[in-house]
Amino acid sequence: MGGDDVRLRAVVGLAQGMAAAHAPRESWRAAAAGACRALGGSFAALSVWERELGRLRVLANVGERAQDEEEFPEDEAYPVHQFPEITEFLHERWVGGGGPNAWVETADGPAAGHAEYCHQRVAALRRRGRGCCVVAPIVMHGRAWGELYVARPAGAPVFDRADADFATVLASVVAAGIAQTERLEEARRLAFTDALTGLANRRAVDMRLDEAIERHRAEGVVVSLVVCDLNGLKRVNDTRGHAVGDRLLERFGSVLSLCGAMLPGTLAARLGGDEFCLLAVGPAADEVVRVADELCRRAGELELGEGVACGVASTEDPLGPVRSARRLFRLADAAQYRAKAVRSAKPVVAGREGPDDPVVRLADAPPPAAAERRRFRGRR
């Protein structure tokens, strides 16, 4: 009974560890680490079967890793023909009514049958100084998703049939945890993504900008915001229809994404309607202005469009103290408003027209009535 209690606690711990994960990598690590502890292993790995590429790709390695094993490898993958049990033997067994049972292999050969499937794993065990492993298929939606692999060092007790049966249980818990993580990731993606353009949405910008301003205040990191208003959208909607207007928004979104990629780590977003922005954290203000200028040039070449009104505000320019995300947003918004008012083909940059900069004065003035200016509505 004591052994059953220990294993029950291990299953609960594994499930809780995966449930507490906030990102896929954390979930992968929790799955591998929890299984490693539960089975008394020294090393564990979680792999996914990428059907379209015909390979098993390692997502996470935990425990006593060999020199060539990284915790989250970028390119550790193996052709599935080297490990055909995931596509052949196991699949045929499930179709015939069997379950996706785990199995054990040792550095001396398979512990129990299936010799035709073990040669690559046996070689890997020997190469990395391990004595045995248990491999458990991970099944989701009735299909093989990947595998859970737990090993012990040479000289340690070899996994037995009971361990393999327990690994099968752990793999089912891992499958449930991965499915939950994937659902949460999809929910997060939808919550922070603009459905039309695929860019980030206003909620994502607000969160990232708040974090960036905190870094600016604590570390002095440069934070820059480019705010754009796509000209001519109303005319396109009125004369060509909203479907054509949506295509114009999508095309500009692609241009914005391309230009944002010129600044490492920059967030490209649609704020709503015809309003877009780039949020850059780290690059120098002059680099951001250069990219904003390129954005204006490319937007001016879009079919049906009439270019963009573009405003830039950066903490590296003389704007006065920027203690809140709201102030930087108002400065960039004011610069964009001025660009629109003077029909500028280039970005207007806040703080670069001397001590009496009209953009800074406009941003710091009390907000006008809503009827006068829909855009100044108390941005965060």
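About the thresholds
- Residues numbered from 1 in each chain as written.
- Predicted model: local features only at pLDDT ≥ 70, side-chain atom pairs only at ≥ 80, totals over all residues.
- Heavy atoms only, no water.
- Helix = DSSP H or I, 4+ residues; strand = E, 2+ residues; numbered from the N terminus.
- Buried < 20%, exposed > 50% of the residue type's maximum accessible area, 1.4 Å probe, protein only.
- Contact = heavy atoms within 4.5 Å.
- Pairing = 2+ DSSP bridges.
- Axes fitted to C-alpha atoms, helices over the stretch in contact; angles between N-to-C directions.
- Phe/Tyr/Trp six-rings, centres within 6.5 Å; stacked < 30°, edge-to-face > 60°.
- Lys NZ or Arg CZ within 6 Å of the ring centre and 35° of its normal.
- Arc of directions from axis to C-beta.
- Nonpolar A, V, L, I, M, F, W, Y, C, P; charged D, E, K, R; others polar.
- Expected span 1.5 Å × (residues − 1).
- Polar contact = N/O pair within 3.5 Å; in protein donor to acceptor, adjacent residues only side chain to side chain.
- Core = buried A, V, L, I, M, F, W, Y, C linked by side-chain atoms within 4.5 Å.

Novice: Whenever I open this one, the overall build of the protein chain confuses me. Can you help?
Specialist: Scanning the protein chain from N- to C-terminus turns up 11 helices and 12 strands. Scored against the burial criterion, the 380 residues of the protein chain give a buried share of 50%. Considering only residue pairs separated by 6 or more positions, the protein chain has 65% of its internal contacts joining residues 24 or more positions apart.

Novice: Before we go on, may I ask you to explain the sheet that holds strand β9 (residues 267-272) in this structure?
Specialist: Sheets are built from strands that pair by backbone hydrogen bonding, the pairs being arranged parallel or antiparallel. The strand order across the open sheet built from 5 strands is β9-β10-β8-β11-β12, with neighbouring strands paired in mixed fashion. Among the strands making up the open sheet, the edge pair consists of β9 and β12 (348-349). Examined bridge by bridge, strand β11 (residues 308-314) and β12 share 2 bridges and lie parallel to one another. Within β12, the residue paired with Gly311 across the bridge is Val348. This element, helix α6 (residues 202-219), spans β8 (223-230), β9 and β10 (275-281) of the sheet and lies at about 130° to β9.

Novice: Can you help me understand the pairing of β10 in this one?
Specialist: As a general feature of sheets, a regular strand has side chains that alternate between the two faces. With respect to burial, β10 is a largely interior element, 6 of its 7 residues being buried. The sheet contact formed by β8 and β10 spans 7 bridges and is antiparallel. Residue Cys228 lies in a different strand from β10, and its bridge partner there is Phe276. Here β9 runs beside β10; their pairing, made up of 5 bridges, is antiparallel. The residue of β10 that forms the bridge with Gly272 is Glu275.

Novice: Can you help me understand the packing of aromatic side chains in this one?
Specialist: Centre-to-centre distance and the angle between the planes together describe a pair of aromatic rings. Overall, the coordinates contain 2 aromatic pairs when judged by the stated rule. Consider the rings of Phe252 and Phe276, whose centres lie 4.9 Å apart with planes at 80°: the pair is edge-to-face. Of this pair, Phe252 sits in helix α8 (residues 242-260) while Phe276 sits in strand β10, placing them 24 residues apart in sequence. Classification of Phe276 as buried rests on a relative accessible area of 0%. The side chain of Arg51 reaches across the aromatic face of Trp49, ending 3.9 Å from its centre. Geometry around Phe43 places Arg130 over its ring, the cationic atom sitting 3.8 Å from the centre.

Novice: Even after reading the chapter, I still don't get helix α7 (residues 233-240), so can you show me in this structure?
Specialist: Because an α-helix completes one turn every 3.6 residues, residues spaced three or four positions apart along the sequence face the same direction. Within the sequence span of α7, burial applies to Leu233, Val236 and Asn237. The buried side chains of α7 occupy one side of the element, clustering within an arc of 100° when seen end-on. Pointing more than 90 degrees away from the buried face of α7 are the exposed residues Lys234, Asp238 and Thr239. Count one or two residues on from α7 and you reach Gly241, which has phi positive near 100°.

Novice: Would you mind going over the packing of α6 against helix α10 (residues 325-341) with me for this structure?
Specialist: Two quantities define a packed helix pair, namely the angle between the axes and the distance from one axis to the other. It is at 9 Å that the axes of α6 and α10 come closest, and there the two elements cross at 115°. Along the contact surface, α6 presents Arg202, Val205, Asp206, Leu209, Asp210 and Ile213, while α10 presents Ala325, Leu328 and Phe329. By residue class, the composition of the contact of α6 with α10 is 6 nonpolar, no polar and 3 charged.

Novice: What exactly am I supposed to notice about α6 here?
Specialist: In this model, α6 (18 residues) spans 25 Å end to end at C-alpha, consistent with the 26 Å of a helix rising 1.5 Å per residue. When we look at burial in α6, the residues that qualify are Arg202, Ala204, Val205, Asp206, Leu209, Ala212, Ile213 and His216. Its buried side turned inward, α6 meets β8, β9, β10 and α10. Taking the backbone nitrogen of Arg203 as reference, a side-chain oxygen 3.2 Å away marks Asn201 as the first, capping residue of α6.

Novice: Which parts of the structure should I look at to understand the nonpolar core?
Specialist: Note on soluble globular proteins: their nonpolar side chains tend to be buried together. In this structure, Leu46, Val134, Leu170 and Val174 are the most contacted members of the largest nonpolar core, which totals 41 residues. Residue assignment for this core shows that the elements contributing at least two residues are α1 (2-19), α2 (24-38), β1 (43-50), β2 (55-63), β6 (130-140), β7 (143-153) and α5 (161-191). If one sorts the elements of this core by residue count, α5 sits on top with 10 residues. Residue contacts for Leu170: discarding those within four places in its chain leaves Val11, Leu14, Ala35, Ala38, Leu39 and Leu148. Judged by nonpolar contacts, the second largest core, of 32 residues, contains Ala204, Ala212, Ala313 and Leu331.

Novice: What exactly am I supposed to notice about the pairing of β8 here?
Specialist: Along β8, 8 of the 8 residues are buried, which leaves the element largely enclosed by surrounding structure. Burial of β8 is two-sided: the residues Val223, Leu225, Val227 and Asp229 facing one way and the residues Ser224, Val226, Cys228 and Leu230 facing the other way are all buried. Note that β8 and β11 share 7 bridges and pair antiparallel. Pairing of Leu225 across the sheet is with Ala313, part of β11.

Novice: How should unusual backbone geometry be read in this particular structure?
Specialist: A negative phi angle is the norm for most residues apart from glycine, just as the trans form is the norm for most peptide bonds. One non-glycine residue, Leu304, adopts positive backbone phi at about 80°. The residue Arg343 is not glycine, and still its phi comes out positive at about 55°. Mapped onto the secondary structure, Arg343 falls in the loop between α10 and β12. Taking the relative accessible area as the measure of exposure, Arg343 reaches 77% and is therefore exposed.

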